[in-house]
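The lines below spell out each chain.
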Amino acid sequence: MKALYKSIFFSVALVFCLTSCNNDDELPPTGPLDNAEKLVAGTYVGEWTREIQGTDDVETGSGTITFSVDSENYGNNVSVMTLTAEGIDIGIDDPKTSVCNITILSSGEFTYWNYTASNPFGTTFYGKVSTDGVATMDYTKTVREGRKEVTSIYSFSGRKQ
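Residues numbered from 1 in each chain as written. Predicted model: local features only at pLDDT ≥ 70, side-chain atom pairs only at ≥ 80, totals over all residues. Heavy atoms only, no water.

Draft legend 1. Fine view of the packing of aromatic side chains. Taken as a whole and judged by the stated rule, the model has 6 aromatic pairs. For the pair Tyr44 and Phe67, a centre-to-centre distance of 5.6 Å together with 85° between the ring planes defines the contact as edge-to-face. Taken together, the residues Tyr44 in strand E1 (residues 42–52) and Phe67 in strand E2 (residues 58–68) connect sequence positions 23 residues apart. Like Phe67, Tyr44 is buried. Ring geometry for Trp48 versus Tyr139: centroids 6.2 Å apart, planes at 70°, classification edge-to-face. Pair noted here: Trp48 is in strand E1 and Tyr139 is in strand E7 (residues 134–145), with a separation of 91 residues, a long-range link. Neither residue differs from the other here; Trp48 and Tyr139 are each classed as buried. Here a set of aromatic residues connected by ring pairs shows up, and it is made of Trp48, Tyr139, Tyr154 and Phe156. (Phe/Tyr/Trp six-rings, centres within 6.5 Å; stacked < 30°, edge-to-face > 60°. Helix = DSSP H or I, 4+ residues; strand = E, 2+ residues; numbered from the N terminus. Buried < 20%, exposed > 50% of the residue type's maximum accessible area, 1.4 Å probe, protein only.)

Structure, rendered in structure tokens:
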């Protein structure tokens, strides 16, 4: 029985040694930077929508999303975005500015997101910028009003100016 354990241990050690003894110390090339944050930079003008969940209440108002590049403070594929809205509460306190990750998809569309709920917006968000210059954004925010919680679903759609 002892010989069986020794041979199993030796076989496992041999397989481990053979698979880990290659010289692939270098990372494979990833290609050039896609500069997504620079390609999306600009102001997108459109319409905000707020739907209060559980009711038929829907509010709309005009507004913007502005993407800008701050390469000194943030790395590649990170953009700084600022939201504005007129005639509608978009559920975000001032300053209405946060960072977001941004990347280009194989379809040519861009996608951006921030899944950290502690960001300045106070909620996670995501969105896309289509190949024809239309930015969309969606997020959900729950706030306590008295004894009950009210959940609002926010969305934006706007064209690059």
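Still more ground to cover, so stick around.
Draft legend 2. Here's a closer look at the sheet that holds strand E4 (residues 97–104). Taken together, the 8 strands give a closed barrel; going around it, the order is E1-E2-E3-E4-E5-E6-E7-E8, and neighbouring strands pair in antiparallel fashion. Averaged over all pairs of adjacent strands, the angle between their axes in this sheet comes to 30°, without regard to strand direction. Direction of pairing for E7 relative to strand E8 (residues 148–160): antiparallel, over a ladder of 12 bridges. Note on E8: the bridge partner recorded for Arg144 is Glu149. (Pairing = 2+ DSSP bridges. Axes fitted to C-alpha atoms, helices over the stretch in contact; angles between N-to-C directions.)

Draft legend 3. The pairing of strand E3 (residues 78–86), seen in detail. Inspection of the sheet shows E2 paired to E3 by 7 bridges, in the antiparallel sense. Within E3, the residue paired with Thr66 across the bridge is Thr82. In terms of strand pairing, E3 meets E4 through 5 bridges, oriented antiparallel. Within E4, the position partnered with Thr82 by the bridge is Thr97.

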